[in-house]
Amino acid sequence: MNGPDPAAAPIPPAVPTHSSTVTPNAGAAAKSSAHTDLATLLAEPASKTWYRRRALWAGLVLVLLAGAGLWWWLARQAANAAPSYITQTVARGNLTLTVTANGTI
């Protein structure tokens, strides 16, 4: 058997089963004490609050980077899709017109 040795496990403190005085929160105190003892026995770390989780922040950073990249790519595509015009200064002379297109004219 490769599991942990049960004899080496820490023994939790005994919880009295009968109480001589009755208090309104005795059941809640026993439950919280039992929960604490179980967590100590299992050596479980306390769960982190939502804003202290690295995976959450890493995911948020990835989503923001993906959004920024998409915005940049769409802005660049829109800039490249705009027509470009070649202009010259006005001068007297013959007018030359060149048409470059596909399809029937």
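Heads up: the structure comes first, above all this text.
Conventions we followed
Residues numbered from 1 in each chain as written. Predicted model: local features only at pLDDT ≥ 70, side-chain atom pairs only at ≥ 80, totals over all residues. Heavy atoms only, no water. Helix = DSSP H or I, 4+ residues; strand = E, 2+ residues; numbered from the N terminus. Buried < 20%, exposed > 50% of the residue type's maximum accessible area, 1.4 Å probe, protein only. Areas by Shrake-Rupley, 256 points an atom, 1.4 Å probe, with all protein chains shown as cover. Patch = residues over 30% accessible without salt bridge, like charges linked within 9 Å, V, L, I, M, F, W, Y side chains within 5 Å. Salt bridge = Lys/Arg side-chain N within 4 Å of Asp/Glu carboxyl O. Lys, Arg positive; Asp, Glu negative; His and termini not counted. Charge placed at Lys NZ, Arg CZ, Asp CG, Glu CD. Phe/Tyr/Trp six-rings, centres within 6.5 Å; stacked < 30°, edge-to-face > 60°.

Let us look at the overall build of the protein. Within the protein, the secondary structure is distributed over two helices and zero strands. Sorting the 105 residues of the protein into buried and exposed places 1% on the buried side. Carbon together with sulfur atoms contributes 64% to the accessible area of the protein, which is approximately 10,800 Å² in total.

So, about a positive patch on the surface. Where like charges cluster on the molecular surface, the positive patch consists of Lys48, Arg52, Arg53 and Arg54. Summarising the element assignment, Arg52 is placed in the loop between helix H1 (26-42) and helix H2 (54-81).

Take the packing of aromatic side chains next. This model, assessed by the stated rule, comprises one aromatic pair. A centroid spacing of 5.6 Å and a plane angle of 90° characterise the contact between Trp50 and Tyr51, whose relative ring orientation is edge-to-face. With a relative accessible area of 45%, Tyr51 lands in the partly exposed category.

On the surface, a nonpolar cluster with roughly 680 Å² of combined accessible area is contributed by Trp50, Tyr51, Leu56, Trp57, Leu60 and Leu64. You can see Tyr51 is positioned in the loop between H1 and H2.

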